[in-house]
Amino acid sequence: MGVVSTSGSTRLKCLNCQTINHISSVELDFSEVPPNESQPVGRTGHEASLSKVCTQCSSQIGVTYTVWEFPEGNLEEVDAKARNAVFMERCSFRV
Ligand SMILES: [Zn+2]
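Residues numbered from 1 in each chain as written. Predicted model: local features only at pLDDT ≥ 70, side-chain atom pairs only at ≥ 80, totals over all residues.

### What about the sheet that holds strand S5 (residues 44-53)?
Then, number 1: Pairing in this open sheet of four strands is antiparallel, and the strands run S4-S5-S6-S7 from one edge to the other. What marks the edges here is a single partner per strand, and that holds for strand S4 (31-32) and strand S7 (75-83).
Then, number 2: Direction of pairing for S5 relative to strand S6 (residues 60-69): antiparallel, over a ladder of 10 bridges. The residue of S6 that forms the bridge with Ala-48 is Tyr-65. (Pairing = 2+ DSSP bridges. Helix = DSSP H or I, 4+ residues; strand = E, 2+ residues; numbered from the N terminus.)

### Observations regarding the nonpolar core
As a rule of thumb, soluble globular proteins bury nonpolar side chains together.
Then, number 1: Membership of the largest hydrophobic core is limited to 12 residues, which are Val-4, Leu-12, Cys-14, Leu-28, Cys-54, Ile-61, Val-63, Tyr-65, Val-67, Ala-85, Cys-91 and Phe-93.
Then, number 2: When neighbours within four sequence positions are excluded, Val-67 is seen to be in contact with Val-4, His-46, Leu-75, Val-78, Phe-93 and Val-95. (Core = buried A, V, L, I, M, F, W, Y, C linked by C-beta atoms within 7 Å. Buried ≥ 20, exposed ≤ 12 C-beta atoms within 10 Å, placed from the backbone. Contact = placed C-beta atoms within 7 Å.)

### Looking at the sheet that holds strand S2 (residues 9-14)
To summarise the sheet geometry, strands pair through backbone hydrogen bonds and adopt either a parallel or an antiparallel arrangement.
Then, number 1: What the three strands build is an open sheet, ordered S3-S2-S8; its pairing is antiparallel. Bordering the open sheet on either side are strand S3 (20-24) and strand S8 (85-89), each of which pairs with just one other strand. Averaged over all neighbouring strand pairs, the angle between strand axes comes to 35°, with direction disregarded.
Then, number 2: Across four bridges, S2 lies against S8 in antiparallel orientation. Each bridged residue has a counterpart across the sheet, and for Cys-14 the counterpart in S8 is Ala-85. (Axes fitted to C-alpha atoms, helices over the stretch in contact; angles between N-to-C directions.)

### Thoughts on the environment of Arg-83
Then, number 1: With respect to the helices, strands and loops of the structure, Arg-83 is situated in strand S7.
Then, number 2: Look at Arg-83 and you get partly exposed, because 16 C-beta atoms sit within 10 Å.
Then, number 3: Linking Arg-83 and Lys-52, residues 31 residues apart in sequence, is a C-alpha distance of 9.9 Å.
Then, number 4: Filtering out sequence-adjacent residues up to four positions away, Arg-83 remains in contact with Ile-61 and Gly-62.

Okay, here's the thing in structure tokens:
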């Protein structure tokens, strides 16, 4: 299984106050998703989740990235979820 390298930055717009919050790619810490039975052999998920307090309104916002690697060494897809915020910009990833 590969290691995820991250570049760029994430910008999240707080749903409560519309302020843009920045998350640097270096803040994301990926760990492997435990495999489940429906997952093809050799498909690996790497997940990083981060919560922040909005700089303006102190609302809890956050982001979860799941980077799927299949076959090994190939980035298949990226799931990106924002909590209490919407994406203005996403990091980019390589495996
Ligand atoms: Zn806010």
